[in-house]
Each structure stands twice: as C-alpha cells, then as structure tokens.
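Each chain, written out:
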Amino acid sequence: MSSLRTPLCDRLGIEHPVVQAPVGSVSTPELAAAVADAGGLGMLAMSWRDADAIRETFERATASTDGVVGVNVVLDEATGVDSPAACLDACLDAGATVVSFSFGDPSGFVKRVHDAGGLAMVTVGSAADARRAADLGADVVVAQGSEAGGHVQSDVTTMALVPRVADAVDVPVVAAGGIGDGRGLAAALALGADGAWLGTRFVATRESGAHESYRSALRDATETDTRRTTAFDRGWPGQPHRALATPELRRGEREDRPGEGETVAHTPDGEAVERYADLPPVDGLDGDIEALPHYAGQSVGLADEVPSAGRVVDALVSEATAALRDVPRTG
C-alpha cells in the first residue's frame, strides 16, 4: 500500500495520518484495534464508562493490535458522566499513552497526561482555542469544523478553520469534519493539516458498535440529509450536534417536543432510553431504533458501503496519495 507519512505519524508513532474519531457509544475495542492494526490511530470514547469498563475496554483493544490505540475524555460535566478527572485517571491507569480532550477546558489535564509519560490531543473550534491548547502543552491539535457529525464544537467550516489553526500553532494539526475519503484527506493536508479525523466513515464499518439499521441509514444517506440541531439533548443539554434529518429529529425541534420523557428503547443492559436522549442506536439495543439520533456528518454521502475498518484506512491512504500526485500544476 502507498505510504503517506507526516509529522503527525512521527508524533504519535503511527504509520498513516488517519485518526478514527472516538464515536461515543459506537466506539468498540474491535473498531479501534482494526484502525490501529491498519496503521492509523484507533480511538475509544471513555467518558461514559466506569473505571472497570475503561480498563477492560482498553485491554481488549490493545490485546488485538500492535498499533496505537488512544482514548477520549469529554471535559464538559454537563454530560452527566462521572468526573473527567476520574475518567482520565482510569484511562492512564489502564495504560493509555494517547489521550484526546474535547468540549471543555483542558487546563491541568494536559500536564497530567505528560506526567504519566503520554501525549495529549485537544479538539478546538477556533485559532484562538488552538493557541491556548498549544500554550498548555498539547502535543496535537484537532480542528473540528461544523460539518462534523455527532456533537460539534465549532460554527466554522473545516476548510476555513484548518488553515487558521495550522497558522496559529507549531504542533501537528488534525482536520476533522466533513472528511469521508482519500480526497478529503489530501485536501486536509493541502490546507496545512498533518492528518484527518474521521467519524461517520468509521461508524459505517463492520467493526463499529452501530446498530445494523443505523449503518444502513448511513449507507443510504446523501450529503444533504443531515442537520445541525439540539433536538437530542437529554443527557447533554443545549449541546449542538449533527445527525440525519429523521422525522424524530424534526419532532425534537418542535416547541412542544411531543412524547418527551417517554421510554422508546432499552440498552443491551436493559436500561431505559428516553425520547430525545443523546444515545445513538447501538448494536443489541431493543425498541424504536428510528427514535434515536443517527449522528452523521456532511461526508455521509461518501459512506455508500459498509466495509472493514482496515479497508477504509487502506483506501484513504491510497486515494490521498493518488490525489496529491495528480493535482494539476501550473507554470
């Protein structure tokens, strides 16, 4: 396979400048391990797991690959999860050496990662946030544009944001939001990024924890089928997110929010899921799947099949290499 090495690869110890976004409840050890095994950075969302589950999840992922697996910690305590500090402690105790932070103030957290001998990534939505993260010691900055699926930090598009962030900091920059294939990776590199962060494309893979109907919906969707909204805010009040514009999303945007508080599904562990909750359809969930948020970015039209995660990484690198090679040059 083609090689596409950037400073991000050297910083994180990965082979290719491809990062699998920590896609919340849909992230699985199998997905993270498959991406890591293919030479990218596999990621696990840890904020919604207790200490024992964090350890077990991380160990399952790392036991399956010699590649690099990172973890994500959400810093906004409005999510209702346990303290971010406790989550970070559990991640570091489990052996995580790459930790990403999002949705909150990383002050103090970056140093704790460094003290444990790890590397810290911080997601930002502006050049000012990027400078602040770098000043705190962030080893990598993730510039997330408004095209991103799931919960979104910025009102600025990826194309406008990435060059600003790349000019603002001297650490590797990862572009996130609206990237779904190798052409998007090539574009991110041309804009000054050192790699790309993809969520929707990896949700629509065999190894993700997404419910089969969710993966099918992503496969059949187009670039015009998503909406930025606050409809699914039970569990994270007021936090904007992007999802497929389903009938349920439109119900949640109504002033009267019909049926709010009703139980619409149950998790594999038997916990009730209320209407307009922020939990996406995960494998094993029972109930009204269509009533749950189908998080997706504007790149969803490129996820027109459900391959293995390793195949996605291979395609991203080969397509990006070809795109960069074939860019017309003038003069």
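Residues numbered from 1 in each chain as written. Predicted model: local features only at pLDDT ≥ 70, side-chain atom pairs only at ≥ 80, totals over all residues. Heavy atoms only, no water.

Peer 1: Even after reading the chapter, I still don't get the packing of helix 3 (residues 51-62) against helix 4 (residues 84-94), so can you show me in this structure?
Peer 2: Relative placement of two packed helices is described by the angle separating their axes and the distance separating the axes. It is at 9 Å that the axes of helix 3 and helix 4 come closest, and there the two elements cross at 35°. Crossing geometry of helix 3 relative to helix 4 is assigned as right-handed. Contacts from Ala51, Ile54, Arg55 and Phe58 in helix 3 reach Cys87, Ala90, Cys91 and Ala94 in helix 4. Residues belonging to the contact of helix 3 with helix 4 are distributed by class as follows: 7 nonpolar, no polar and 1 charged. (Axes fitted to C-alpha atoms, helices over the stretch in contact; angles between N-to-C directions. Helix = DSSP H or I, 4+ residues; strand = E, 2+ residues; numbered from the N terminus. Left-handed = near helix turned anticlockwise from the far one by under 90°. Contact = heavy atoms within 4.5 Å. Nonpolar A, V, L, I, M, F, W, Y, C, P; charged D, E, K, R; others polar.)

Peer 1: What should I look at first to understand helix 8 (residues 182-190) in this one?
Peer 2: Since there are 3.6 residues in each turn of an α-helix, residues three or four apart along the chain are aligned in direction. Restricting attention to buried positions, one finds in helix 8 the residues Gly182, Gly184, Leu185, Ala186, Ala188 and Leu189. On its buried face, helix 8 sits against strand 1 (18-20), helix 7 (158-168), strand 8 (173-176), strand 9 (195-198) and helix 12 (309-325). Looking one or two residues beyond helix 8, the residue adopting positive phi is Gly192, at roughly 115°. (Buried < 20%, exposed > 50% of the residue type's maximum accessible area, 1.4 Å probe, protein only.)

Peer 1: So what exactly am I meant to see when it comes to the nonpolar core here?
Peer 2: Considering soluble globular proteins, one finds that nonpolar side chains tend to be buried as a cluster. Grouped together as the largest cluster of nonpolar side chains are 102 residues, with contacts concentrated most on Leu41, Phe101, Val165 and Phe202. Leaving out residues up to four positions away in the same chain, Val165 has contacts with Val124, Ser126, Ala127, Ala130, Val141, Ala143 and Val173. (Core = buried A, V, L, I, M, F, W, Y, C linked by side-chain atoms within 4.5 Å.)

Peer 1: Please explain the packing of aromatic side chains as it appears in this structure.
Peer 2: Each aromatic ring pair is specified by the distance between its two centres and by the angle formed by the two planes. Within the structure shown, the criterion is met by 3 aromatic pairs. With centroids separated by 5.7 Å and ring planes inclined at 50°, the aromatic side chains of Phe101 and Phe109 adopt a geometry described as tilted. A centroid spacing of 5.0 Å and a plane angle of 75° characterise the contact between Phe103 and Trp236, whose relative ring orientation is edge-to-face. Residue Phe103 is found in the loop between strand 4 (98-102) and helix 5 (109-115), and its partner Trp236 is found in the loop between strand 10 (226-229) and strand 11 (241-244); the two are separated by 133 residues along the sequence. Comparing Phe103 with Trp236, the two get one shared label, buried. Taken together, the ring pairs in this structure connect Trp48, Phe103 and Trp236 into an aromatic cluster. Cation over ring: Arg257 sits above Tyr276, and NZ or CZ is 4.6 Å from the ring centre. (Phe/Tyr/Trp six-rings, centres within 6.5 Å; stacked < 30°, edge-to-face > 60°. Lys NZ or Arg CZ within 6 Å of the ring centre and 35° of its normal.)

In short, the description is geometric, and any link to function would need to be established separately.
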